[in-house]
Structures are given as C-alpha cells and as structure tokens.
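A structural walkthrough
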Amino acid sequence: MRKNIVAGNWKMNKTFSEAEELIDQIFLEMEDKSFQCEVVICTPALYLEMATDYAEEGRLKIGAQNASEHEQGAYTGEISAAMLASLDIEYCIIGHSERRKYFHETNQQLAEKTDRLLDYGVKPIFCIGEVLEEREENIHFEVVKKQLEESLFHLNKDEFSNIVLAYEPVWAIGTGKTATPGQAQEMHAFIRSQITEKYGKETADEVSILYGGSCNPKNAKELFSQTDVDGGLIGGASLKSDDFLAIANSF
Ligand code: PEP
C-alpha cells in the first residue's frame, strides 16, 4: 500500500523565531489528532536542526528544499546530501519549478542531485510539471514524460522505490488557480502508467504521487480523493498551522 503524504514547502519564509512558533503550533495541534497521511515540513536549511528536535519527539517528518549535486568541496553556499543525512533529514524537495526557473536547474543536474540524495538515504520529493504555454500547446504529457526520463529513469527499481513524486503544474503554483481534480487525476494516472512501463505495476502502485499547486483546505479533499493522487505538496497554505493541518486531515 502506498503512503499518503502531505508535505509543506515553506520556501524562503519566516525568521527563526517565527519558524519555531509555527513548528511548535503544528507539533502541538498534531498531538491529539490522528492522520491518514505522513505529515512533512520542508523548512529553510538554516532551521532544519531545530526542526529535527520536533521530529524526534513526534510524528512530524522533516525535509529540506534543495541539495547540491556535488559530494562536497568548494561550492560556497551549497548544502550536501551528506550534511542532510548527518541531521537525519528524511526528505528533500528536488526540482521545484522555482529552482528550475530562477536557478536554471536542468533535468540532468536534477538526476545528479537525486543520485546524491539516494547515496545518503535521503528521499527525494521530486517535482515535475508543465508551464502554462506547454499545457496550452497540449504538450504537457510529453514535458512530464521527458522530465521523468531524463531525471529519474536511469535509477534501478530499488532506487526508484525511494522516490516521492510531486506533480506541480507550474501555472497552479502560488496563483490560486488550482488544477481541477480531473486534470490532476489525468496527469497522475499518466505518470503512474509511465512508471508501470519502466518498472512494472508493483513499483508503480507503491510510488506516492503528490499534487501541488494552490492546494488549500477547501479543495484538498476532492483532489486527494482521486485514485492516483496520494497527497499534496503545499506552499502558501503550509505557512499557517490550521490550514496546513486541515489539508493533512483531508483524506
Ligand atoms: C509549491 O510551491 O510547491 C506550491 C505548491 O505552492 P502553492 O501551494 O503556494 O501553490
């Protein structure tokens, strides 16, 4: 049975004390509730060590937002997979569209980042998705297929089973323009079919595919009820504990 996951992507938000306050609220609110999903928060790198204290005490899982494709060395400002592993960080977002757009990360580079994370036992939350023009040109399936092929399909079956995928149509991120449940399901089913072709049905059935893009407490239930949608990667709504946990409670 594949896992349902709701992961918050805090991006570059919150000062240290604000971050501590938010994680504290999430932690306390989670205490007396049960969830049908794994709850993950991906904090800025600077706050990961503080966040892991909460992970040790509770059911909260912690993720980073990026890692270098390099092992170690003279890469000023970068954070390595080994560093994340040394803090017992369980997840790391890779290939977010903001990193592809503003930091020009390529499918090839993202393949290398994925390899480094897997070398150190950190699970990638790997983001794929098309921009608006690509959907309008009706090439969104091709785009997503290429992202899978160029960044992930070099992995063997065992390695691939550690990947969490996040389908994030770029036109839906931070825009308030959510994909319809039908659009999400159509793409998630397509992604699963590509995984089936490459690795077989058993592997495809085990891989969690999250939806991301303006997911909120109002639309989460319908999105998560789709057969191939196994949770969400949540940006804006993850910055408020009530909204984030309402989404996590939407299964
Ligand atoms: C994201 O950045 O991964 C995201 C899904 O953002 P938002 O929920 O704000 O659209």
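In what follows, the structure referred to is the one given above.
Cut-offs used in this document
Residues numbered from 1 in each chain as written. Predicted model: local features only at pLDDT ≥ 70, side-chain atom pairs only at ≥ 80, totals over all residues. Heavy atoms only, no water. Helix = DSSP H or I, 4+ residues; strand = E, 2+ residues; numbered from the N terminus. Buried < 20%, exposed > 50% of the residue type's maximum accessible area, 1.4 Å probe, protein only. Pairing = 2+ DSSP bridges. Axes fitted to C-alpha atoms, helices over the stretch in contact; angles between N-to-C directions. Contact = heavy atoms within 4.5 Å. Patch = residues over 30% accessible without salt bridge, like charges linked within 9 Å, V, L, I, M, F, W, Y side chains within 5 Å. Areas by Shrake-Rupley, 256 points an atom, 1.4 Å probe, with all protein chains shown as cover. Salt bridge = Lys/Arg side-chain N within 4 Å of Asp/Glu carboxyl O. Lys, Arg positive; Asp, Glu negative; His and termini not counted. Charge placed at Lys NZ, Arg CZ, Asp CG, Glu CD. Core = buried A, V, L, I, M, F, W, Y, C linked by side-chain atoms within 4.5 Å.

A positive phi angle is found at Lys11, which is not glycine, with a value near 50°. Structurally, Lys11 is set in the loop between strand 1 (5-9) and helix 1 (16-31). Overall, Lys11 belongs to the partly exposed group, its relative accessible area being 21%.

Overall, parallel pairing links the eight strands, which are arranged 1-2-3-4-5-6-7-8 in a closed barrel. Across the sheet, the mean angle separating the axes of adjacent strands is 25° when strand polarity is ignored. Relative to strand 7 (residues 209-212), strand 6 (residues 164-167) is paired through three bridges, and the arrangement is parallel. From the neighbouring strand, Ala166 faces strand 7, where its bridge partner is Leu210. The strands touched by helix 9 (residues 181-199) are strand 5 (123-128), strand 6 and strand 7; relative to strand 7, the strand with the most contacts, the crossing angle is about 150°. Its contacts with the sheet put helix 12 (residues 241-248) on strand 1, strand 2 (38-42) and strand 8 (231-234), and the angle it makes with strand 1 is roughly 155°.

A cluster of acidic residues, Glu31, Asp32, Glu49, Asp53, Glu56, Glu57 and Asp88, forms a negative patch on the protein surface. It is helix 2 (residues 48-57) that contributes the most residues to the negative patch, four residues altogether. Note on placement: Glu56 falls in helix 2. We classify Glu56 as exposed; its relative accessible area is 66%.

Counting residues in hydrophobic clusters, the biggest one holds 64 residues, and the most contacted among them are Phe160, Leu165 and Ile191. Dropping the residues within four chain positions of it, Leu165 is found in contact with Phe126, Ile128, Leu148, Leu152, Phe160, Ile191, Ile195, Val207, Ser208, Ile209 and Leu210. Among the nonpolar cores identified, the runner-up in size contains twelve residues, and Ile5, Ala7, Cys127 and Leu233 belong to it.

What is shown is where atoms sit, not what they do.
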